[in-house]
Amino acid sequence: MKAINTIRDSANIGLGILSAAFGLKGFLLSSHFIDGGATGVSMLIFDITSIPISILIFVINVPFLWIGYRKLGLWFAIKSTIAIALLALCLALVSFPDVTHDKLLTAVFGGVFIGTGSGLAMRGGAVLDGTEIAAVLVSKKTQLLKVSDFILLLNVLIFGVAASVLGVEPAMYSILTYMAAAKMIDFLLNGIEQYSGVTVISTKSDAIRRAITVTLGRGVTIYQGKSGYGKDGHVNDPRDIVFTVATRLEIPSLKQTILRIDPKAFIVQQSIDDTTGGLLKRKKLH
């Protein structure tokens, strides 16, 4: 099993490197558009100084790789270092065709291929952009910034500099590139079957529990609660609260089953990044 996992992770990282390199050389570099993060900084410096992008991508990521080694472990740092080094070599040695000169297509599809590359690398347990390491660590140090907040603020700074150096139009297209890349990363990591947590408050909670566990084959957790308003009972009336986790594709049938039992059931749904254990449908690689 360990050998299979290693092969799978290596394949994901390898495909991710090729996809990211294709997005950079096949779309963005010739149009002087940039991405976010360390990759975007490398591309911006390349446009200003003409230092080879392959050298810049590796050098700028070195401090983040060191932080990753200190905080996230040796194996993660080794895989990420190898991945970024191979990306740099791929950019230096492999030729890719310049696919299109259309600015909109360049921005969107360049971001799609870069995001696909980053997402596949993450699935393999590595990163192609070290700023994600810094974002995780900063979010742990302060309660004011989440990971997404830190990345957003960093990229606002990068694109602001790009607007003054490259011009407003290339910077705006670069923002499209970043958005396309971010969407692809989210899709590859979570897929269309992203988990959702569903909380059900109903006077028929036992029948709902049986339907979810027996009919749908999902696990549930039961909370002890009390009625707080009393529209369908007395205030402080005890009742069981049912909580379950399902994929996004399973939510419609789950809601239909619940509402068929109790049309007045109060259903709360929230997104969940990932789960471990329990009676869950395993998410597939999309």
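For the structure itself, look to the data block above.
Enquirer: Quick question: what am I supposed to make of unusual backbone geometry here?
Expert: Leaving glycine out, the prevailing phi sign among residues is negative, and the prevailing peptide bond configuration is trans. In this structure, histidine 32 is a non-glycine residue whose phi angle is positive, near 60 degrees. The topology assignment puts histidine 32 in the loop between α1 (2-31) and α2 (37-49). Positive phi is not limited to glycine here, since serine 50 has a value of about 65 degrees. Mapped onto the secondary structure, serine 50 falls in the loop between α2 and α3 (53-72).

Enquirer: What is the right way to read the sheet that holds strand β4 (residues 266-271) from this model?
Expert: Note: strands within a sheet are paired through backbone hydrogen bonds, in either parallel or antiparallel orientation. Within the open sheet, the four strands sit side by side as β2-β3-β1-β4. Their pairing is antiparallel. A strand with exactly one partner marks an edge of an open sheet, and here the two such strands are β2 (220-226) and β4. Between one strand axis and the next, the sheet turns by 25 degrees as a mean value, whatever way the strands run. Where strand β1 (residues 195-201) meets β4, six bridges bridge the pair, whose relative direction is antiparallel. Counted as the bridge partner of threonine 199 is valine 268 from β4.

Enquirer: Looking at this structure, I do not really get the packing of aromatic side chains. What am I missing?
Expert: Both the distance between ring centres and the angle between the ring planes are used here to describe each pair of aromatic rings. Evaluated as defined, the whole model comprises eight aromatic pairs. In this structure an aromatic cluster arises from ring pairing among Phe22, Phe27, Phe96 and Phe113.

Enquirer: Explain the pairing of β1 here, please?
Expert: Every other side chain in a regular strand lies on the same face of the sheet, so the side chains alternate between the two faces. Across the seven residues that make up β1, a large majority, six, are buried. Taken together, the seven bridges between β1 and strand β3 (residues 238-247) define a ladder with antiparallel strand orientation. Across the sheet, residue serine 196 finds its bridge partner in β3, namely alanine 246.

Enquirer: Honestly, the packing of α3 against helix α4 (residues 74-93) in this entry has me stumped. Any pointers?
Expert: Helix-helix packing is characterised by the crossing angle of the two axes and by the distance between the axes. Running from amino to carboxyl end, α3 crosses α4 at an angle of 175 degrees, the nearest separation of the two axes being 9 Å. Considered as vectors, α3 and α4 are oriented roughly antiparallel to each other. In this structure, α3 contributes Ile53, Ser54, Ile57, Phe58, Asn61, Leu65, Gly68, Tyr69 and Leu72 to the contact, and α4 contributes Leu74, Phe76, Ala77, Ser80, Thr81, Ile84, Ala85, Leu87, Ala88, Leu91 and Ala92. A breakdown of the residues in the contact of α3 with α4 according to their chemical character gives 15 nonpolar, five polar and no charged.

About the criteria used
Residues numbered from 1 in each chain as written. Predicted model: local features only at pLDDT ≥ 70, side-chain atom pairs only at ≥ 80, totals over all residues. Heavy atoms only, no water. Helix = DSSP H or I, 4+ residues; strand = E, 2+ residues; numbered from the N terminus. Pairing = 2+ DSSP bridges. Axes fitted to C-alpha atoms, helices over the stretch in contact; angles between N-to-C directions. Phe/Tyr/Trp six-rings, centres within 6.5 Å; stacked < 30°, edge-to-face > 60°. Buried < 20%, exposed > 50% of the residue type's maximum accessible area, 1.4 Å probe, protein only. Parallel < 35°, antiparallel > 145°, perpendicular 65-115°, else oblique. Contact = heavy atoms within 4.5 Å. Nonpolar A, V, L, I, M, F, W, Y, C, P; charged D, E, K, R; others polar.

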